[in-house]
Each structure stands twice: as C-alpha cells, then as structure tokens.
Amino acid sequence: MASDEKKIRGEKQIDENLKRVYEEVVNEEIPDRFKDLLSQLKSQSDDDGSDVSR
C-alpha cells in the first residue's frame, strides 16, 4: 500500500508541476520580434487584399 501512495503522490506532484509550467508559458508575453513578423504579414495581406483569417 505504501508504494501505491508514493506513486499517487508522485503523479500528483508531476501534474501540479506541469500545470504550473504550462501557466507560466501561457502567460509569457509574445516576443517583440514575433509581433513585428505578425505585423509584416498583416500589412502584406492588407496590401494584396487577401484574408489571413481563412
């Protein structure tokens, strides 16, 4: 029984750590370089009349 409890505690700790890391990544700001690239793509699509939302 003790090994089952250790396994469950270990799995719970892994789950909590993965959730914490995921939340940190999700809340990170988009790098400026990436924002610049997105702006360039948007301006190119506006110039040629295409729709990037498709």
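Anyway, here's the lowdown on the structure attached to this text. Since the model is a prediction, treat every value here as computed from it, not as a measurement. (Residues numbered from 1 in each chain as written. Predicted model: local features only at pLDDT ≥ 70, side-chain atom pairs only at ≥ 80, totals over all residues. Heavy atoms only, no water.)

### Quick look at the overall build of the protein
Argument step 1. Helices and strands together make up the secondary structure of the protein, namely 2 helices and 0 strands.
Argument step 2. Out of the 54 residues belonging to the protein, those deemed buried represent 2%.
Argument step 3. Summed over all atoms, the accessible surface of the protein reaches about 5400 Å², with 53% contributed by carbon and sulfur. (Helix = DSSP H or I, 4+ residues; strand = E, 2+ residues; numbered from the N terminus. Buried < 20%, exposed > 50% of the residue type's maximum accessible area, 1.4 Å probe, protein only. Areas by Shrake-Rupley, 256 points an atom, 1.4 Å probe, with all protein chains shown as cover.)

### A closer look at the pattern of salt bridges
Argument step 1. What the rule picks out here adds up to 3 salt bridges.
Argument step 2. Across the pair Glu-29 and Lys-35 runs a salt bridge, and its minimum N-O distance is 3.1 Å.
Argument step 3. For Lys-35, a relative accessible area of 34% corresponds to the partly exposed category.
Argument step 4. Taking the shortest distance from any N to any O, the salt bridge between Lys-42 and Asp-46 comes out at 3.4 Å. (Salt bridge = Lys/Arg side-chain N within 4 Å of Asp/Glu carboxyl O.)

### Regarding a nonpolar patch on the surface
Argument step 1. The grouping of Ile-30, Phe-34, Leu-37, Leu-38 and Leu-41 at the surface amounts to a nonpolar patch, some 440 Å² of accessible area in total.
Argument step 2. Mapped onto the secondary structure, Leu-37 falls in helix H2 (residues 32-48).
Argument step 3. Taking the relative accessible area as the measure of exposure, Leu-37 reaches 34% and is therefore partly exposed. (Patch = residues over 30% accessible without salt bridge, like charges linked within 9 Å, V, L, I, M, F, W, Y side chains within 5 Å.)

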